[in-house]
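# Reading the structure
One letter stands for each residue in the lines below.
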Amino acid sequence: MNSEPIACIGGPLSAIDTDLLVVPWFEEDASTSVDGVDEASGREVSRALTVKEFQAKPYEWFITPVTDRQWRARRVAIVGAGRRADCGTDLLRKVAASAGVTARSRRIERVTFMVRGEGGTADLVQAAAEGLTLAEFNAGSYKTDEPAPAAPPTWTLAVLDERCEAVTAAAARGRTLGECSNLARELANEPGNTLTPREFAKRAAALASEAGVRVEILDETQIEKLRMGLLLGVARGSSEPPRVIVFRHEPSGAPEKPVLGLVGKGITFDTGGISIKPAEGMERMKDDMAGGAAVACAMRAIGILGAPIRVIGVVPTTENMPGGRAIKPGDILTSAEGKTVEVINTDAEGRLILGDGLWYARQLGATHLVDVATLTRACVVALGKLASGLFGAPDAWVQRVREVADRAGDRAWPMPLFEEYRDQLKSDIADMMNTGGRPAGSITAAMFLQEFTGGLPWAHLDIAGTAWAEEAKPYLPKGPSGVAVRTLAQLAFEKFWG
Ligand code: BES
Ligand code: MN
Ligand code: ZN
């Protein structure tokens, strides 16, 4: 919506007028595999391959001038794409993102990326458009002596084998999904003092309503009317009032059912509350609303792309602060649904606000639930930073979400919800406790959430490890990743809704 569309052009390569032509290169490629590239480079490509200066391992980069006067491209870069059989949409998205980041750092103005890989052309085009767009992300800077970041290049996709409307539409779709991922990254990156719950609600509302999604922001009075005691409990320690951001995508002519309900954790800063966190690394807790940002930005994508089904988004948002009026360990809170919770640890706040959020999504008519949350450190211990934890029931629904996540490039791995784990949440005094001890910490957190799903098909993505990259990768700089935006958006377009 804000960004320039990505055009798709056909061959021959020699006719493409661009500052840089980027060609994904497979390990089994011969120098002649991509028509004319070697000759156009004055055989620099052959030379680099022969001396193994370039081996086509993922994200390797070799750039050389085009010497052939018949060609209109000024330079060509080959970018490593691994083995051809492994280069489906997932790898191509990352290859495109890495190429985009490199081209951008060299301030190249017009970049054409050639679509090559295993799979359907439209899927590959979409993935490449997503990758290039992800490369446009600016971390946003409060440095006063730094010039504004350079404008991103103009991207074009070279699609040689097939030119049709489906390809153009796929590029537009990838553009939108990449853009919405970047918007979620911007929100997650914003510090806690600028992105308060009220500010988060305002920005999320603007993003989604621009896309034709109906947005309502519930203030503290409305939240009290709904008796969302879990959210209100967490909010007590803060001088900033809580909000619930409600999104509705209700396309005319859509069936009454299904209604996809997306729920995101919107803690704009998590100090831990009275069970306060150690100082070291606490600054990272500004991204504890990454799940909420993913829901908001997925709703934007759903609006722009016009999903055929109804979708509801619910993002409860508050700070988790210690304060004179803050909840204390041992306190008992009553959820909007009426269930009572003994608060053992005020740092297990995400599950509290999501409990009321899931209930509200059901009130609004959701038939299928997906929640996204930076929920537990235990999930990072279990899966590291490479995959989100995936929980839920029934298995068939969880499996669908998993497949969609895989395709979207948001790797998620299934975790069990064996009934026996639920015992860990048993309280002596209330319906349940909000923590289940250290063993299986991400599982008991998920089981706490399950209590609020009313038996609906439900999937929970624990993105504690995947929302933020601690180390830069060629395709992903340090910082917020925008995880889950594309998965949530894509879910609303799946054929299985029938
Ligand atoms: N937001 C945190 C989880 C988190 C920690 C995400 C580190 C990303 C990086 C969450 O609210 C939290 O504090 N969880 C506690 C739960 C515990 C008290 C049962 C945790 O994981 O330590
Ligand atoms: Mn916490
Ligand atoms: Zn938290």
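Residues numbered from 1 in each chain as written. Chains lettered and ligands numbered in written order. Predicted model: local features only at pLDDT ≥ 70, side-chain atom pairs only at ≥ 80, totals over all residues. Heavy atoms only, no water.

### Topic: the coordination of the zinc ion (ligand 3)
Those protein atoms acting as donors to the zinc ion (ligand 3) are K265 (NZ), D270 (OD), D288 (OD) and E349 (OE), and they sit at 2.0 to 2.4 Å. Here the zinc ion (ligand 3) is ringed by 6 donor atoms whose angles at the metal span 79 to 173°, and the overall shape comes out octahedral. Of note, the zinc ion (ligand 3) draws all its donor residues from one chain, in the sequence arrangement K-x4-D-x17-D-x60-E. The manganese ion (ligand 2) is placed at 3.1 Å from the zinc ion (ligand 3), the two being bridged by D270. (Donors = N, O, S within 2.8 Å, 3.2 Å for Na, K, Ca; no water. Tetrahedral: all angles 85-135°; square planar, octahedral: opposite > 155°, others 65-115°.)

### A word on the site of ligand 1
K277, D288, D347, E349 and R377 are the nearest of the 15 residues found near ligand 1. Within the side chain of D270, one N or O atom sits 2.9 Å away from an oxygen atom of ligand 1. Burial of ligand 1 by the surrounding chains reaches 84%, relative to a free accessible area of 520 Å². Of the residues assigned to the shell around ligand 1, the class counts are 3 nonpolar, 4 polar and 8 charged. (Near = heavy atom within 4 Å. Polar contact = N/O pair within 3.5 Å; in protein donor to acceptor, adjacent residues only side chain to side chain. Areas by Shrake-Rupley, 256 points an atom, 1.4 Å probe, with all protein chains shown as cover. Nonpolar A, V, L, I, M, F, W, Y, C, P; charged D, E, K, R; others polar.)

### Structural notes on the pairing of strand β18 (residues 458–462)
In terms of burial, β18 is largely enclosed, as 5 of its 5 residues are buried. Side-chain alternation along β18 places W458, H460 and D462 on one buried face and A459 and L461 on a second face that is also buried. Where strand β14 (residues 368–373) meets β18, 5 bridges bridge the pair, whose relative direction is parallel. From the neighbouring strand, D371 faces β18, where its bridge partner is H460. Sheet analysis places strand β15 (residues 388–393) next to β18, joined by 5 bridges and oriented antiparallel. Pairing of F391 across the sheet is with H460, part of β18. (Buried < 20%, exposed > 50% of the residue type's maximum accessible area, 1.4 Å probe, protein only. Helix = DSSP H or I, 4+ residues; strand = E, 2+ residues; numbered from the N terminus. Pairing = 2+ DSSP bridges.)

### Some thoughts on the nonpolar core
Ranked by size, the top nonpolar core spans 54 residues in total, and within it F200, F247, L260 and L262 carry the most contacts. By residue number, the principal contributor to this core is helix α9 (residues 290–305), which donates 10 residues. Apart from residues no more than four positions distant in its own chain, F200 is found in contact with L187, L195, I245, G266, T268, M289, G292, A293, V315 and T317. Counting 42 residues, the second largest nonpolar core, distinct from the first, contains V244, V263, V343 and A361. (Core = buried A, V, L, I, M, F, W, Y, C linked by side-chain atoms within 4.5 Å. Contact = heavy atoms within 4.5 Å.)

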